[in-house]
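For reference, the chains in residue letters:
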Amino acid sequence: MLTTTLVSGNLLFAEKVNLPASAKIRLLLLDITAGKVALEQELPFDAKLLAIFKYLPFQFKNFELLDGHQYEMKAHVDLLGDKQLKVGDFVSTDKFEIKYGLEEFDIAVTKVD
């Protein structure tokens, strides 16, 4: 078992966004080998600041990765907060593999049409 201490970076929006109060921003650590969500984190955000800066910093701390398993990070900006992917939501489309104890990267999200 490999213990990962920190994965950090920024969630990047291509444009300024005005998220409703119902919105939830979730980062998912996917265990591709097991076909399941290994970890889910909801990111707190200030809608006014997000509308100005177009990015949101994130951190995952102190979680474990199983040897021989493949992991990826995904993001979902859920406008209704219902965990359903709908038109108007934002999602990441790139793959971000988690392999080592310390990882840092930016995740771009695009609007679902």
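Above this note sits the structure.
Remember, predicted model here, so these are calculated numbers, not experimental data. (Residues numbered from 1 in each chain as written. Predicted model: local features only at pLDDT ≥ 70, side-chain atom pairs only at ≥ 80, totals over all residues. Heavy atoms only, no water.)

Check the secondary structure of the protein and you find one helix and eight strands. Relative to its length of 113 residues, the protein is compact, with a C-alpha radius of gyration of 14 Å against a globular reference of 13 Å. Principal-axis analysis of the C-alpha atoms gives the protein an extent of 40 × 25 × 20 Å. Every one of the 113 residues in the protein was classed for burial, and the buried ones make up 39%. When contacts within the protein are restricted to residue pairs at least 6 apart in sequence, long-range pairs at least 24 apart make up 66% of them. (Helix = DSSP H or I, 4+ residues; strand = E, 2+ residues; numbered from the N terminus. Rg over C-alpha atoms; globule rule 2.2 N^0.38 Å. Buried < 20%, exposed > 50% of the residue type's maximum accessible area, 1.4 Å probe, protein only. Contact = heavy atoms within 4.5 Å.)

This brings us to the packing of aromatic side chains. Counting across every chain of the model gives five aromatic pairs. Relative to Phe-105, the ring of Phe-96 has its centre 5.0 Å away and its plane inclined at 15°; by these criteria the two rings are stacked. For the pair Phe-96 and Phe-105, one class covers both residues: buried. Clustering of aromatic rings is evident, with ring pairs tying together Phe-58, Phe-96 and Phe-105. (Phe/Tyr/Trp six-rings, centres within 6.5 Å; stacked < 30°, edge-to-face > 60°.)

Further remarks concern the pairing of strand β5 (residues 71-78). For β5, the tally of buried residues reaches seven of eight residues, placing the bulk of the element in the interior. The pairing of strand β2 (residues 24-31) with β5 spans eight bridges and is classified as antiparallel. In the strand pairing of β5, Lys-24 is matched with Asp-78. Relative to strand β7 (residues 96-97), β5 is paired through two bridges, and the arrangement is antiparallel. Residue pairing in the sheet places Met-73 in a bridge with Phe-96 of β7. One ladder, built from two bridges, connects β5 with strand β6 (residues 90-92); its direction is antiparallel. Of the residues in β6, the one forming a bridge with His-76 is Val-91. (Pairing = 2+ DSSP bridges.)

As a further point, take unusual backbone geometry. A positive phi is found at Lys-54, a non-glycine position, where the angle reads about 65°. Topologically, Lys-54 is positioned in the loop between α1 (47-53) and β4 (55-65).

Time to look at the side chain of Ser-8. Mapped onto the elements of the fold, Ser-8 is located in strand β1 (residues 2-13). Given a relative accessible area of 11%, Ser-8 falls into the buried group. Beyond its immediate sequence surroundings of up to four residues, Ser-8 is in contact with Phe-58, Gln-59, Glu-103, Glu-104 and Phe-105.

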